[in-house]
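These are the residues of each chain, in order.
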Amino acid sequence: MGEDRRLVAVVALAQGMAAAHGSREAWRAAAAGACRALGGSFAALSVWEREIGRLRVLVNVGELAEGEEEFPEDEAYPVHQFAEITEFLHEQWAGGGEPDAWVETAEGPAAGRPGYCHQRVAALRRRGRGCCVVAPIVLHGRAWGELYVARPAGEPVFERADADFATVLASVVAAGIAQTERLEEARRLAYTDALTGLANRRAVDVRLERAIERHRRDGVVVSLVVCDLNGLKRVNDTHGHAAGDRLLERFGSVLSLCGAMLPGALAARLGGDEFCLLAVGPTADQVVKAAEELCRRAAELELGDGVACGVASTEDPIGPVPSARRLFRLADAAQYRAKAERATRPVVAGRAGPDDPVVRLADEPSREADGERRRFRGRHAP
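Rules and cut-offs
- Residues numbered from 1 in each chain as written.
- Predicted model: local features only at pLDDT ≥ 70, side-chain atom pairs only at ≥ 80, totals over all residues.
- Heavy atoms only, no water.
- Core = buried A, V, L, I, M, F, W, Y, C linked by side-chain atoms within 4.5 Å.
- Buried < 20%, exposed > 50% of the residue type's maximum accessible area, 1.4 Å probe, protein only.
- Helix = DSSP H or I, 4+ residues; strand = E, 2+ residues; numbered from the N terminus.
- Expected span 1.5 Å × (residues − 1).
- Contact = heavy atoms within 4.5 Å.
- Pairing = 2+ DSSP bridges.

Visitor: Give me the nonpolar core: which residues, what numbers.
Guide: Leu45, Val133, Ile137, Leu169 and Val173 are the most contacted members of the largest nonpolar core, which has 43 residues in total. Elements supplying a minimum of two residues to this core: helix H1 (3-18), helix H2 (23-37), strand E1 (42-49), strand E2 (54-62), strand E6 (129-139), strand E7 (142-152) and helix H5 (160-190). In terms of residue count, H5 provides more of this core than any other element does, 10 residues in total. In terms of nonpolar packing, the next biggest core, distinct from the first, is built from 34 residues, Leu224, Ala308, Ala334 and Leu361 among them.

Visitor: Explain H2 to me, and be specific about the residues and the numbers.
Guide: Relative to the 21 Å expected for 15 residues at 1.5 Å per residue, H2 spans 21 Å between its end C-alpha atoms, a close match to the ideal helical length. Across the 15 residues of H2, 11 count as buried, placing the element largely inside the fold. For H2, every residue scored as buried is listed here: Ser23, Ala26, Trp27, Ala29, Ala30, Ala31, Ala32, Gly33, Ala34, Cys35 and Ala37. As for H2, its buried residues are in contact with H1, E1, E2, E7 and H5. Backbone geometry just after H2 places Gly39 at a positive phi near 65°.

Visitor: Kindly report on the pairing of strand E10 (residues 274-280), identifying the contributing residues and their values.
Guide: With respect to burial, E10 is a largely interior element, six of its seven residues being buried. As paired elements, strand E8 (residues 222-229) and E10 share seven bridges and run antiparallel to each other. When the bridges of E10 are listed, Cys227 appears paired with Phe275. The sheet contact formed by strand E9 (residues 266-271) and E10 spans five bridges and is antiparallel. Across the sheet, the residue bridging to Ala268 is Cys276, located in E10.

Such coordinate-based values are descriptive only and should not be taken to indicate function.
Structure follows, in structure tokens:
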């Protein structure tokens with residue numbers, strides 16, 4: 001491959017990773033780009049999981065052998081089987097050099113320092129491949145994993161120049177992975193509550209809008225549990241804000257635990273002492289059961305005074321739910337009533353008969369044009 005073609009391949013790989021949405025797409029773009037650039041028939045990207053001593057395959061692309069999957073759930077190998085990822089590379093770095101790629105064939109090493117090739121050779125033979133080039137990926141000065149590209153038996157064997165080019169490609173992949181990790185961390189922070197680790201209000205708004213659209217289109221059940229943690233101010237005033245933060249964290253854990261009763265539910269902190277669960281798909285009764293468990297567990301927390309919990313579900317007789325705002329109003333009104341009545345169980349919108357007071361309260365015109373929550377605070381219970 002000429003220098004110009006190699007430059008084009010490097011640019012294409014970098015652009016493919018930059019255009020990816022999330023880690024999985026970035027991994028696929030990296031492996032596919034390297035496979036094309038090196039004229040391979042198969043490529044894989046693997047990560048070294050130091051804490052458990054294994055090399056885990058993230059993605060396989062190209063001509064897959066029997067048993068190989070694009071995104072394998074459990075394809076991993078003990079690092080000692082491929083010790084070059086640790087010992088061989090570290091020896092190179094100790095000598096003042098950079099970690100270079102190497103070539104191996106089904107007959108044995110072909111180019112570059114062989115390292116520990118016996119497992120590679122066995123794998124090539126088992127899968128009908130004739131040769132491979134292995135390029136270590138270094139991120140933040142440490143071995144992160146490897147890029148592996150193979151050709152089938154009978155095809156030309158990779159040469160030293162291919163190994164050198166694979167080293168360049170691995171550095172481009174490393175830069176792309178670092179960028180993807182930074183973007184994902186930024187997204188995580190944008191949609192995560194820093195104290196509890198739960199989703200934040202922004203995440204709920206985005207997910208709820210999509211859920212209501214599915215409800216309007218397909219009739220899927222959407223339920224919202226809104227809860228207000230009782231006694232937080234007293235804890236802050238009596239024991240200090242550090243104790244209040246611990247209460248919020250512990251309740252967040254309880255909320256997450258109860259949310260796990262509802263497949264796919266989103267547990268979130270809306271702000272201050274207000275939390276919610278958003279469930280899409282489970283029945284209203286399943287959601288109410290989870291809310292009851294939440295109330296029970298919250299009452300057992302060492303600090304605080306339990307939780308006021310309101311539930312609104314499109315499966316209950318609450319009238320049309322054309323928007324996320326209406327479901328929030330209903331759940332908030334139910335939670336307000338639970339707090340006003342000091343209820344130890346959730347109040348569920350629409351279950352008190354034709355003239356349900358929660359539905360009436362939610363449907364009253366609000367004097368606040370922006371529809372901010374807490375519009376029911378400071379009023380008397382209906």
